[in-house]
Amino acid sequence: MPATNPPAAISVEARWLTDAERAAWLTLAALMVKVPFALDTQLQRDSGLSYFEYMVLAFLSEQSGHLMRMSDLAVSTNGSLSRLSHVAKRLENQGLLRREPSPEDGRYTNAILTGPGYDRVVAAAPGHVAAVRAVVIDALNPEQLDQLRQIDRQILQKMDPTAGW
């Protein structure tokens, strides 16, 4: 049965979007769904990796020694530590990475890319880059790409001012 008096947070007058703001938001919302889906579909089809799995392997492949603390890897991939742990277990079961306690501080766990993991991400990279190009890059001219980067950074900076975007 609905409450007769809405909670105070709900009774505050909303600052509704203008038509222009709503149009911009709905376009962004569509991109937030469609772009990851398109990239995930390509990666699954061509290399058997999810977009998140690819990002985990790609970040590790770019690190010295092909290793990162799990907590840092979670931040880099924009995933929770819990989600990363589940994905790391799947990748570990496939022999693509391994996890070990950090030798510097045993409270932390390092994710380490294996040789087969490196080979898998290197093999997946050309198809992924082609999909990124087809879905985003080739749709924009250089000026628009620069504007997109600036807009993305501004939004990310507002969301996480400490990240140094």
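The paragraphs below set out a description of the structure included in this document. (Residues numbered from 1 in each chain as written. Predicted model: local features only at pLDDT ≥ 70, side-chain atom pairs only at ≥ 80, totals over all residues. Heavy atoms only, no water.)

**Details of a nonpolar patch on the surface**
At step 1: Taken together, the side chains of Leu17, Trp25, Leu26, Leu28, Leu31, Met32, Ile151, Ile155, Leu156 and Met159 define a hydrophobic patch exposed on the protein surface, amounting to about 940 Å² of accessible area.
At step 2: Listed by contribution, the elements that provide at least two residues to the nonpolar patch are helix H2 (19-47) and helix H7 (142-159).
At step 3: Take Ile155: it is sitting in helix H7.
At step 4: Judged by its relative accessible area of 39%, Ile155 falls in the partly exposed class. (Patch = residues over 30% accessible without salt bridge, like charges linked within 9 Å, V, L, I, M, F, W, Y side chains within 5 Å. Areas by Shrake-Rupley, 256 points an atom, 1.4 Å probe, with all protein chains shown as cover. Salt bridge = Lys/Arg side-chain N within 4 Å of Asp/Glu carboxyl O. Helix = DSSP H or I, 4+ residues; strand = E, 2+ residues; numbered from the N terminus. Buried < 20%, exposed > 50% of the residue type's maximum accessible area, 1.4 Å probe, protein only.)

**Section: the layout of surface pockets**
At step 1: Size it by volume and the largest pocket reaches roughly 1,900 Å³.
At step 2: In terms of lining residues, the largest pocket is bounded by 39 residues, among which Val35, Tyr51, Asn78, Asp152 and Leu156 are the most central.
At step 3: Looking at the lining of the largest pocket, the elements that each hand over two or more residues are H2, helix H3 (51-61), helix H4 (70-76), helix H6 (115-135) and H7.
At step 4: Of the residues that constitute the lining of the largest pocket, the class distribution is 29 nonpolar, 5 polar and 5 charged. (1 Å grid on protein atoms, 1.4 Å probe; cavity = no way out; pocket = protein on both sides within 12 Å on 5 of 7 lines; lining within 4 Å. Points joined across faces, edges and corners; volume = space filled by probe spheres on them. Nonpolar A, V, L, I, M, F, W, Y, C, P; charged D, E, K, R; others polar.)

**Quick word on the sheet that holds strand S2 (residues 97-101)**
At step 1: Read from one edge to the other, the open sheet built from 3 strands follows the order S1-S3-S2, with strand pairing classed as antiparallel. Only two strands of the sheet have a single neighbouring strand rather than two, namely strand S1 (67-69) and S2. Pairs of neighbouring strands in the sheet enclose a mean axial angle of 25°, with direction left out of account.
At step 2: Sheet analysis places S1 next to strand S3 (residues 109-113), joined by 3 bridges and oriented antiparallel. Pairing of Leu67 across the sheet is with Ile112, part of S3.
At step 3: Each of S1, S2 and S3 touches H3; the most contacted strand, S3, lies at about 90° to it. (Pairing = 2+ DSSP bridges. Axes fitted to C-alpha atoms, helices over the stretch in contact; angles between N-to-C directions. Contact = heavy atoms within 4.5 Å.)

**What about H3?**
Turn by turn, an α-helix covers 3.6 residues, leaving residues three or four places apart pointing in a common direction.
At step 1: The element H3 is largely enclosed, with a buried count of 8 among its 11 residues.
At step 2: For H3, every residue scored as buried is listed here: Phe52, Glu53, Tyr54, Met55, Val56, Leu57, Ala58 and Leu60.

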